[in-house]
Amino acid sequence: MSAETITDHIPVWTRHTDGAVITQFDYPTCEGLGLLKMDFLGLRNLTIMADAVAAIEKNQGTKVDLLGLPLDDKPTYELLGRGDTLGVFQFDGGPMRSLLRMMKPDNFEDISAVGALYRPGPMGVNSHTNYALRKNGLQEITPIHPELEEPCGRSSSPPTA
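Residues numbered from 1 in each chain as written. Predicted model: local features only at pLDDT ≥ 70, side-chain atom pairs only at ≥ 80, totals over all residues. Heavy atoms only, no water.

**Student:** I would appreciate a short explanation of the nonpolar core in the present structure.
**Tutor:** Nonpolar side chains in soluble globular proteins generally cluster together in the buried interior. In terms of nonpolar packing, the biggest core is built from 11 residues, these being Tyr77, Leu80, Phe91, Met96, Leu99, Leu100, Met103, Ala113, Val114, Leu117 and Ala132. For this core, the elements supplying multiple residues, two or more each, are α3 (74–82), α4 (94–103) and α5 (108–117). Among the elements that take part in this core, α4 stands out by supplying 4 residues, more than any other. Apart from the residues lying within four places of it in its own chain, the contact partners of Leu80 are Thr85, Leu100, Arg101, Pro105 and Ile111. (Core = buried A, V, L, I, M, F, W, Y, C linked by side-chain atoms within 4.5 Å. Buried < 20%, exposed > 50% of the residue type's maximum accessible area, 1.4 Å probe, protein only. Helix = DSSP H or I, 4+ residues; strand = E, 2+ residues; numbered from the N terminus. Contact = heavy atoms within 4.5 Å.)

Now the structure itself:
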């Protein structure tokens, strides 16, 4: 994103299949030029989800309320922990499935964490593996600040002025 004509700053390419304009520079290069690069979830993925919900209703007679799905479904977390996620958006690649097997997600926060950690930056410093190992008690957690030694960063003594 730029306040000026984007092609005055970086090369772009128009994808012929859908007309999307795509930069040829990576995020750090765009940022270094003072631009904002954002990736958006494609409408195609949202259409696939809507079609799947409609197919379930038509074929099974079951109405699916995506906002009402339980976030504590044990079989779902077991499936994720086994890495049985082929065809599951953002969770179907081999390395992601390995991370899921290592992490053994058992709550919704773990799903958020695996999505955030499976990025070049965190993976570059091994944060994804460290998180999974620490979550399961296989690696020691060393707090980086004394206040973090207590659960939720709360100290048992009142703060001093």
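**Student:** Looking at this model, I keep getting lost on the layout of surface pockets. Mind explaining?
**Tutor:** Think of a ball as big as a water molecule: rolled over the atoms, this probe shows where empty space is left. Volume-wise, the largest pocket comes out at about 950 Å³. Taken together, 27 residues make up the lining of the largest pocket; nearest its centre are Met49, Leu69, Val88, Phe108 and Ile111. For the lining of the largest pocket, the secondary structure elements donating two or more residues are α2 (43–60), α3 and α5. With 6 residues, the single largest contributor to the lining of the largest pocket is α2. Tallied by class, the residues present in the lining of the largest pocket amount to 20 nonpolar, 5 polar and 2 charged. (1 Å grid on protein atoms, 1.4 Å probe; cavity = no way out; pocket = protein on both sides within 12 Å on 5 of 7 lines; lining within 4 Å. Points joined across faces, edges and corners; volume = space filled by probe spheres on them. Nonpolar A, V, L, I, M, F, W, Y, C, P; charged D, E, K, R; others polar.)

**Student:** Mind showing me how you'd approach α4 here?
**Tutor:** Along an α-helix, residues three or four apart share an orientation, since each turn contains 3.6 residues. Of the residues making up α4, those classed as buried are Met96, Leu99, Leu100 and Met103. The buried residues of α4 occupy an angular sector of 100° when projected down its axis, which confines them to one face. Contacts from the buried residues of α4 go to α3, α5 and α7 (127–135). Positive phi appears at Lys104, one or two residues downstream of α4, with a value of about 55°. (Arc of directions from axis to C-beta.)

**Student:** Any chance you could explain the pattern of salt bridges here in plain terms?
**Tutor:** For side chains bearing opposite charge, pairing can occur when the charged atoms are close. Taken as a whole, this structure holds 5 salt bridges when the rule is applied. The partner of Asp18 in a salt bridge is Arg15, with the nearest N and O atoms 2.9 Å apart. Residue class for Asp18 comes out partly exposed when judged on its relative accessible area of 49%. What makes Arg15 partly exposed here is its relative accessible area of 32%. The residue Asp106 makes a salt bridge to Lys135 at a minimum N-O spacing of 3.6 Å. Placement of the pair is Asp106 in the loop between α4 and α5 and Lys135 in helix α7, with a sequence separation of 29 residues. One salt-bridge network, held together by shared partners, links Asp106, Asp110 and Lys135. (Salt bridge = Lys/Arg side-chain N within 4 Å of Asp/Glu carboxyl O.)

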